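Each chain, letter by letter, is given below.
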Amino acid sequence: MQNLGELTRRLIAAQVEFVLVGGFAALAHGVMRSTRDIDICCRFSEANLMRIQSALADIHPVHNPRTDLPLKLTPERCANLKNLYLKTDLGIIDCLGEILGVGNYDEVVKHSVELELPIGKCRVIDIDTLIVAKEAMNRDHDRITVRDLKEIKKWQQKSGS
Amino acid sequence: MREKDTHILKETGTAYRASAGTDIDVLFLEDGLALTAWERIQANDDIMNFGESLRNAMEKRNAKPR
């Protein structure tokens, strides 16, 4: 059963350095469109990747779409990774080292806001940078999300939030 | 949507008025913005799980011999 909230909680609890991006970030900003995965931009250091592995260890993480391959990171594998696409018992998580149109983790974290959730503090890409990233991707659903995000921005500017 | 209904929405919805002339479902957006980020995350999980249970029920029904 999908539980992306619990997946996020696990990343926070394991002190993974990450920023929520993609559809899940759009959801956090107010876009009510369902998403079946979490996209995160994270630091692709060995320590951080090992934290991800540890956070997901008991929920059967496998590579996506090669679900016959369980997640078994080693220092050598970590050194060669740029992205990590995973499927777990609680849902899908895409770990990205870089965001098209924005840059790597260090750049993304500069353009993020801290969100206080009941499960802990978590960084989310800010609305302007999410628009830039979605415009760079430019798939059908990205364009719809950009339209909604721009509308939300207008409301926020009007209400002064 | 009938012209009359559109008129009613224009009269009653501030969000609708804000985006008149676009095809954005602003009432839906407004509902979403009334929730916290965490509530939206939980609603998303609920929707996806409900969708999954509907798909499973449909597959089960279709698998039954008629």
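All figures in this text were calculated on a predicted structure; none of them were measured in a lab. Within any chain, residue numbers begin from 1 and follow the written order of that chain's sequence. Here chains are named by letter from A upward and ligands by number from 1 upward, in the order in which they appear as written. The model is predicted, so local features are restricted to residues of pLDDT at least 70 and side-chain atom pairs to those at 80 or more, both for listing and for counting; the totals for chains, interfaces and linings are taken over all residues.

Another aspect to go through is the interface of chain B and chain A. A pair of residues counts as a contact when their C-beta atoms, built from backbone coordinates, are within 7 Å of each other. Facing the 18 residues of chain B at the interface are 21 residues of chain A. Numbering of helices and strands starts at the N terminus; helices are DSSP runs of H or I of at least 4 residues and strands are runs of E of at least 2. Elements represented by at least two residues in the side of chain B that touches chain A include exactly α3 (26-33) and α4 (37-63) of chain B. For the side of chain B that touches chain A, the element with the highest residue contribution is α4(B), accounting for 10 residues. Just so you know the grouping, Ala, Val, Leu, Ile, Met, Phe, Trp, Tyr, Cys and Pro go in nonpolar, Asp, Glu, Lys and Arg go in charged, and all remaining residues, Gly too, go in polar. Split by residue class, the side of chain B that touches chain A holds 10 nonpolar, 5 polar and 3 charged.

What follows is about the pairing of strand β9 (residues 120-125) of chain A. Residues and elements named next belong to chain A. Pairing analysis gives 2 bridges linking strand β1 (residues 18-21) to β9, with the strands arranged parallel. Within β9, the residue paired with Val 19 across the bridge is Arg 123. Strands qualify as paired when DSSP identifies two bridges or more between them. In textbook terms, the turn of a hairpin is the stretch between consecutive antiparallel strands, and for strand β8 (residues 112-117) and β9 this stretch comprises 2 residues.

Attention now moves to the pairing of β1(A). All names here are of chain A. Judged by which residues are buried, β1 turns out to be covered on both faces: Phe 18 and Leu 20 on one side and Val 19 and Val 21 on the other are all buried. Direction of pairing for β1 relative to strand β2 (residues 37-42): antiparallel, over a ladder of 4 bridges. Residue pairing across strands places Val 19 opposite Cys 41, the latter belonging to β2. Three exposure classes are used. Buried residues have 20 or more other C-beta atoms within 10 Å of their own C-beta, exposed residues have 12 or fewer, and partly exposed residues fall in between, all C-beta atoms being placed from the backbone.

The next subject is the sheet that holds β8(A). Residue and element names in this part refer to chain A. With mixed pairing, 7 strands are arranged side by side in an open sheet as β3-β4-β5-β2-β1-β9-β8. In this open sheet, the two edge strands, each paired with only one partner strand, are β3 (62-63) and β8. Every angle, taken between N-to-C directions, lies between 0 and 180 degrees, and every axis is a line fitted to C-alpha atoms, over only the stretch in contact when it is a helix. Packing of helix α2 (residues 22-29) onto the sheet brings it into contact with β1, β2, β8 and β9, and relative to β1 it is tilted by some 80 degrees.

Here the focus is the packing of helix α6 (residues 127-137) of chain A against helix α7 (residues 140-159) of chain A. All names here are of chain A. Across the interface, α6 lies against α7 with an axial gap of 9 Å and an inter-helix angle of 160 degrees. Between α6 and α7, the angle falls in the class roughly antiparallel. The way α6 lies across α7 gives a crossing that is left-handed. Here α6 contributes Ile 127, Leu 130, Ile 131, Lys 134, Glu 135 and Met 137 to the contact with α7, which in turn contributes Asp 142, Thr 145, Val 146, Leu 149, Lys 150, Ile 152 and Lys 153. Along the lines of polarity and charge, the residues of the contact of α6 with α7 split into 7 nonpolar, 1 polar and 5 charged. The scheme is simple: roughly parallel for angles under 35 degrees, roughly antiparallel for over 145, roughly perpendicular for 65 to 115, oblique for anything else. Should the near helix be turned anticlockwise from the far one by less than a right angle, the crossing is termed left-handed; should it be turned clockwise, right-handed.

This paragraph deals with the nonpolar core. All names here are of chain A. A set of buried residues drawn from Ala, Val, Leu, Ile, Met, Phe, Trp, Tyr and Cys, joined through C-beta atoms within 7 Å, is what defines a nonpolar core. Of all hydrophobic cores here, the largest spans 42 residues; its most connected members are Val 19, Leu 20, Val 21, Ala 25, Ile 40, Cys 41 and Ile 125. Sorting elements by how many residues they give to this core places α2 first, with 5 residues. Those residues in contact with Val 19, other than ones at most four positions away along the chain, are Ile 40, Cys 41, Val 108, Val 109, Ser 112, Arg 123, Val 124 and Ile 125.

Moving on to the confidence of the model for chain B. Residue and element names in this part refer to chain B. Per-residue confidence from the predictor is reported as pLDDT, which spans 0 to 100. Mean pLDDT over chain B works out to 70, with 62% of the residues at or above the 70 mark. The lowest-confidence element of chain B is helix α1 (residues 3-12), averaging 41 in pLDDT; the highest-confidence one is α4, averaging 86. In the predicted complex, the global pTM is 0.83; the interface-specific ipTM is 0.77.

This paragraph deals with unusual backbone geometry. Residues and elements named next belong to chain A. A cis amide bond links Asn 64 with the next residue in sequence, Pro 65, at an omega value of 10 degrees. Checked against the element boundaries, Pro 65 lands in the loop between β3 and α4 (75-80). Not every positive phi belongs to a glycine, and Gln 15 is a case in point at roughly 55 degrees. Structurally, Gln 15 can be placed in the loop between α1 (4-13) and β1. Even without being glycine, Asn 138 reaches a positive phi, approximately 55 degrees. Among the secondary structure elements, Asn 138 is positioned in the loop between α6 and α7. Judged by C-beta crowding, with 11 C-beta atoms within 10 Å, Asn 138 ranks as exposed.

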